[in-house]
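As a plain string of letters, each chain reads:
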Amino acid sequence: MKLPAGTVHDTIPGDLEAALLADTAAQTAWNDITPLARNEWICWTTYPKQQKTRDEHTRRVVEELKEGIRRPCCWIGCIHRTDKEISPSVKGILERKAKK
């Protein structure tokens, strides 16, 4: 079974897709959210550099979808979208991260 992806992130990473397919409730919730919301989850999951953090994000996507959470909490948003300007506050966050 192939799950729908996001808007900019038009494919779901294999580890995230496997985790969603392994849990019927998470799969149902995934199918129920908007493409923009799926895009945010995909971006949030793939953003970490360390595999340990990415694995934690993947686990949390499944858990939080089952809890009814439709988007990642405290996430700056997908920086890959070209259909909207990045907000000044997000630009500041990205600039600080780039200096590290």
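Thresholds applied
- Residues numbered from 1 in each chain as written.
- Predicted model: local features only at pLDDT ≥ 70, side-chain atom pairs only at ≥ 80, totals over all residues.
- Heavy atoms only, no water.
- Salt bridge = Lys/Arg side-chain N within 4 Å of Asp/Glu carboxyl O.
- Helix = DSSP H or I, 4+ residues; strand = E, 2+ residues; numbered from the N terminus.
- Patch = residues over 30% accessible without salt bridge, like charges linked within 9 Å, V, L, I, M, F, W, Y side chains within 5 Å.
- Areas by Shrake-Rupley, 256 points an atom, 1.4 Å probe, with all protein chains shown as cover.
- Lys, Arg positive; Asp, Glu negative; His and termini not counted.
- Charge placed at Lys NZ, Arg CZ, Asp CG, Glu CD.
- Buried < 20%, exposed > 50% of the residue type's maximum accessible area, 1.4 Å probe, protein only.
- Axes fitted to C-alpha atoms, helices over the stretch in contact; angles between N-to-C directions.
- Parallel < 35°, antiparallel > 145°, perpendicular 65-115°, else oblique.
- Contact = heavy atoms within 4.5 Å.
- Arc of directions from axis to C-beta.
- Expected span 1.5 Å × (residues − 1).

## Here we look at the pattern of salt bridges
The final tally for this structure, using the stated rule, is seven salt bridges. E17 is the partner of K2 in a salt bridge, and the nearest nitrogen-oxygen pair spans 3.8 Å. On the criterion of sequence distance, the pair formed by K2 in the segment before α1 (14-21) and E17 in helix α1 is long-range, its members being 15 residues apart. We note a salt bridge from D32 to R70, for which the minimum N-O separation is 3.2 Å. Pair noted here: D32 is in helix α2 (residues 24-32) and R70 is in the loop between α4 (51-66) and α5 (88-99), with a separation of 38 residues, a long-range link.

## Some remarks on a positive patch on the surface
On the surface, a cluster of positive charge is made up of K49, R96, K97, K99 and K100. Checked against the element boundaries, R96 lands in helix α5. Classification of R96 by relative accessible area gives exposed; the value is 53%.

## Digging into the packing of helix α3 (residues 35-46) against α4
In helix packing, the relevant descriptors are the interaxial angle and the interaxial distance, both defined with respect to the helix axes. Look at α3 against α4: their axes get within 8 Å of each other, and the N-to-C directions meet at 150°. On the basis of their axis angle, the class for α3 and α4 is roughly antiparallel. Contacts from W41, W44, T45 and T46 of α3 reach α4 at R54, H57, T58, R60, V61, E64 and L65.

## Here's the deal with α1
Those residues of α1 lying buried are L16, E17 and L20. Buried positions in α1, seen along its axis, are confined to an arc of 95° and lie on one side of it.

## Here's the deal with α3
Relative to the 16 Å expected for 12 residues at 1.5 Å per residue, α3 spans 16 Å between its end C-alpha atoms, a close match to the ideal helical length. The buried count for α3 comes to nine of 12 residues, which makes it a mostly enclosed element. Listed as buried for α3 are A37, R38, N39, E40, W41, I42, C43, W44 and T45. Considering only its buried residues, α3 is in contact with α1, α2 and α4.

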